[in-house]
Amino acid sequence: MNIALIIAGGVGARMHQDIPKQFINVNDKPVIVYTLEAFQTHPEIDAIEVVCLDGWHDVLRAYAKQFGIAKLENVVDGGKNGQDSIRNGLYDIYERHNSKDDIVLIHDAIRPMVSHQIISENIRVCRELGNAITVVPCTAAMLKTYDSVSSNEQVPRDNLKITQTPQTFFIEDIVGAHKEALEKGITNSVASCTMYIELGRQLHMALGSEKNLKLTTAEDIEIFKALLNAKKAYWMH
């Protein structure tokens, strides 16, 4: 089975809104619903689980019913940080789906423009090579700073990749990695891919897209709206 694990445990302080950013309405639809629809409509995704901010479970389930997210299997609480939240979701999934062939695609709820192509590529790379981390090339000049205001050092960009989500693993492997991380005192890794690196494990890359943006600021919402409008205009031709 291919299971999507959607991480929606954040409060979105940088958005300066009264509600969490994943529940902000854009064109009369919450951000998280766009994300859920991408996985709901993908033919290779069999089930969806959401790690959700405490107090928002009923809201999420109501939206899932309203917008036809029939693949939603369960909703669990987030943790004190991202690693904690992901582990909560993985452990819950593992109780139901724990065969050697089951894979899980871990995805940010606030990346609503994830395409079917990116999802398919994650599944393909993971099944062929053992895991898949969505990346895009680094196209900017990269500067290193030690005081946040000045620099005299660059980082060559040729060997740099910018990570996105999904990040996809065989469920047995990623659950095992989380247990190993806890044993080794790794408790606040910023992403599944960085946790794997800290554990000395090899990662494999799947191509993402600049459109697969993460909505962290009010500006990002404006970009998202523009991308949605561009999509509509394209469909009209």
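Look up: the structure comes first, before these words.
Residues numbered from 1 in each chain as written. Predicted model: local features only at pLDDT ≥ 70, side-chain atom pairs only at ≥ 80, totals over all residues. Heavy atoms only, no water.

**A few points about the nonpolar core**
In a soluble, globular protein the nonpolar side chains are often hidden away together inside. The following threshold applies: Side-chain atoms within 4.5 Å link the members of a nonpolar core, which is a set of buried Ala, Val, Leu, Ile, Met, Phe, Trp, Tyr and Cys residues. Exposure categories follow from relative accessible area, calculated using a 1.4 Å probe and restricted to protein chains: below 20% of the type maximum is buried, above 50% is exposed, and the middle band is partly exposed. By the criteria applied, helices consist of DSSP H or I runs no shorter than four residues and strands consist of E runs no shorter than two, each listed in order from the N terminus. Residue contacts follow a heavy-atom distance rule, with two residues in contact if any of their heavy atoms lie within 4.5 Å.
In terms of nonpolar packing, the biggest core is built from 31 residues, with I32, F39, I48 and V50 touching the most fellow members. Elements supplying a minimum of two residues to this core: β1 (2-8), α1 (31-40), β4 (47-52), α2 (57-66), β5 (72-77), β6 (103-108) and α4 (116-129). The contact partners of I32, leaving out residues within four places of it in the chain, are A8, Q22, F23, V50, L60 and A109. Of all hydrophobic cores here, the second largest spans 25 residues; its members include A47, I106, A177 and A181.

**Examining the state of the cysteines**
Heads up, the condition is: The definition used for a disulfide is geometric: two cysteine sulfur atoms within 2.5 Å.
Under the definition given, this model contains zero disulfides. With no disulfide of its own, C138 has C193 as its nearest cysteine by sulfur position, at a separation of 15 Å. Looking at C138, the relative accessible area reads 9%, which means it is buried.

**A look at the packing of aromatic side chains**
For clarity, the cut-off: Ring geometry is summarised as follows: Phe, Tyr and Trp rings, the Trp one being its six-membered ring, pair when their centres sit within 6.5 Å, and such pairs are stacked at plane angles under 30 degrees, edge-to-face over 60 and tilted between the two. Here, a charge over a ring means that NZ of Lys or CZ of Arg falls within 6 Å of the ring centre while also lying within 35 degrees of the ring normal.
Applying the stated rule across the entire model yields five aromatic pairs. Plain terms: the ring middles of Y63 and F67 are 6.4 Å apart, the flat faces sit at 50° to each other, and that makes the pair tilted. Put simply, the rings of F23, W56, Y63 and F67 pair up and form one aromatic cluster. In this structure, K29 is placed above the aromatic ring of Y34, and the distance from its NZ or CZ to the ring centre is 4.8 Å. Positioned above the aromatic ring of Y196 is the side chain of R201, whose terminal nitrogen or guanidinium carbon lies 5.3 Å from the ring centre.

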